[in-house]
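Understanding the architecture of this molecule
The chain contents come next:
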Amino acid sequence: MTEVTRTFFESRLQRRGLTALVPTMGFFHEGHLALMTAARQAAETVIVSLFVNPLQFNDPADLERYPRDFERDLEMARAEKVDVVFAPSSEEMYSEPPLTRVRVAQVEDYLEGPRRPGHFAGVATAVAKLFAGLQPDLAFFGRKDAQQLALVRQMTKDLSFPVTISGQPTIREHDGLALSSRNVFLGPEDRTAALTLSAGLFAAADLAEAGEREGGRLLEVASKVAEGVDIEYVTLASQNHAQPLAELDRPSFLAVAARVGKVRLIDNVAFDLVAGQVMADRGRRLERESVLYR
Ligand code: PAF
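Residues numbered from 1 in each chain as written. Predicted model: local features only at pLDDT ≥ 70, side-chain atom pairs only at ≥ 80, totals over all residues. Heavy atoms only, no water.

**Topic: empty space enclosed by the protein**
- Here the structure, examined in full by the defined rule, presents two cavities of 30 Å³ or more.
- Looking at the largest cavity, its volume works out to about 60 Å³.
- In terms of lining residues, the largest cavity is bounded by Lys 144, Leu 177, Ala 178, Asn 183, Ala 194, Leu 197, Leu 265, Ile 266 and Asp 267.
- When contributions to the lining of the largest cavity are tallied by element, the ones reaching two or more residues are α9 (188-209) and β10 (263-274).
- The leading source of residues in the lining of the largest cavity is β10, at three residues.
- When the residues that make up the lining of the largest cavity are grouped by side-chain class, the tally is six nonpolar, one polar and two charged.
- As a volume, the second largest cavity reaches approximately 40 Å³.
- Taken together, Arg 143, Thr 170, Arg 172, Asn 268, Val 269, Ala 270, Asp 281, Arg 282 and Gly 283 make up the full set of residues lining the second largest cavity.
- For the lining of the second largest cavity, the element with the most residues is β10, which contributes three residues. (1 Å grid on protein atoms, 1.4 Å probe; cavity = no way out; pocket = protein on both sides within 12 Å on 5 of 7 lines; lining within 4 Å. Points joined across faces, edges and corners; volume = space filled by probe spheres on them. Helix = DSSP H or I, 4+ residues; strand = E, 2+ residues; numbered from the N terminus. Nonpolar A, V, L, I, M, F, W, Y, C, P; charged D, E, K, R; others polar.)

**Re the site of the ligand**
- Taken together, Pro 23, Thr 24, Met 25, Asn 53, Gln 56, Val 123, Val 127, Phe 141 and Gln 148 form the complete shell of residues around the ligand.
- Gln 56 is positioned such that a nitrogen or oxygen atom in its side chain is 2.6 Å from an oxygen atom of the ligand.
- Interatomic distance of 2.7 Å between a side-chain N/O atom of Gln 148 and an oxygen atom of the ligand.
- For the ligand, the accessible surface in isolation is 290 Å², of which the surrounding protein chains cover 88%.
- Of all the secondary structure elements, the ones that give two or more residues to the shell around the ligand are β2 (19-24) and α7 (119-134).
- Across the shell around the ligand, the residue classes tally to five nonpolar, four polar and no charged. (Near = heavy atom within 4 Å. Polar contact = N/O pair within 3.5 Å; in protein donor to acceptor, adjacent residues only side chain to side chain. Areas by Shrake-Rupley, 256 points an atom, 1.4 Å probe, with all protein chains shown as cover.)

**Re the layout of surface pockets**
- Roughly 250 Å³ of internal volume is contained in the second largest pocket.
- Taken together, Arg 143, Ala 146, Leu 149, Ala 150, Arg 153, Gln 154, Lys 157, Gly 167, Gln 239, Asn 240, Phe 253 and Ala 270 make up the lining of the second largest pocket.
- Looking at the lining of the second largest pocket, the element that brings in the most residues is helix α8 (residues 146-158), giving six residues.
- Looking at side-chain class alone, the lining of the second largest pocket contains five nonpolar, four polar and three charged residues.

**Quick notes on the packing of α7 against α8**
- Running from N to C, α7 and α8 point in directions that differ by 50°, and their axes come no closer than 10 Å. In terms of their interaxial angle, α7 and α8 are classed as oblique. For the pair α7 and α8, the sense of crossing is right-handed. Counted together, Phe 120, Val 123, Ala 124, Val 127, Ala 128 and Phe 131 of α7 and Gln 147, Gln 148, Leu 151, Val 152, Met 155 and Thr 156 of α8 form the full contact between these two elements. (Axes fitted to C-alpha atoms, helices over the stretch in contact; angles between N-to-C directions. Parallel < 35°, antiparallel > 145°, perpendicular 65-115°, else oblique. Left-handed = near helix turned anticlockwise from the far one by under 90°. Contact = heavy atoms within 4.5 Å.)

**Observations regarding the confidence of the model for the protein chain**
- Here the protein chain shows a mean pLDDT of 97. Residues at 70 or above account for 100%.
- Mean pLDDT in the protein chain bottoms out at helix α3 (residues 60-65), which sits at 93, and peaks at strand β5 (residues 138-142), which reaches 99. (pLDDT = per-residue confidence, 0-100.)

This is the structure:
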């Protein structure tokens with residue numbers, strides 16, 4: 001049975017045993033479903049929050065057109081045996097006007113931060129509210145938003161939230177495109193161009209696994225493959241603070257942001273160091289067409 005709750009209070013009453021939270025903005029795809037599956041395996045109670053958070057949109061038009069379909073999402077959460085879908089109103093999430101913002105210095109200074117002013121303060125504030133209001137033991141986030149993951153980990157540590165953060169691999173469409181709810185806005189030509197982003201990252205990942213450590217070389221390879229897209233940045237950055245790196249000498253990720261037609265996409269491959277060897281996490285591919293298009 002999946003309960004729909006609208007307040008923090010009634011959601012907390014549903015907690016039994018170890019409780020996992022999957023924070024989302026809805027319009028689910030297999031990336032969200034993989035987070036729910038991981039949460040289901042780890043905890044007795046799974047809460048999925050569904051709130052399109054206005055504080056993290058710096059472009060009102062982007063907020064306006066963000067895809068929403070509550071009944072569809074609820075159906076999918078039920079199929080994943082989620083216990084609680086917490087879908088608060090804006091009034092439940094924020095007082096009017098909301099005067100408090102959580103800022104995570106440094107992590108918000110790089111990559112997406114300067115390009116989306118206020119975005120990360122919006123994310124950190126929403127996640128802090130979800131942690132405080134729902135009191136989960138575990139929380140699941142995708143590695144696709146590597147900088148967001150760094151931000152949430154740092155905030156959790158700095159504010160001593162008693163929550164264990166789990167970062168889960170990026171889920172990709174069968175041809176390599178990282179899943180994003182925004183993919184539904186890509187026309188056929190845009191989609192072909194968008195594929196060159198992941199292709200570039202994979203080429204750089206092959207090189208890193210073969211021993212290349214120079215950031216500049218990895219960026220060069222990833223940028224060269226990307227075609228028909230308007231690249232905003234390709235950057236090698238540390239996993240802990242999303243700080244740009246010249247050398248692949250610690251856990252890091254190679255991140256790309258680009259405009260493809262009217263859509264802005266981000267993607268990355270993560271690099272972990274195991275016994276001095278680079279292991280690239282390219283994510284996991286779906287075998288068939290995503291539920292996004294059904
Ligand atoms: O990743 C998202 O969907 C959002 O940034 C999050 C974590 C739910 C906060 O609003």
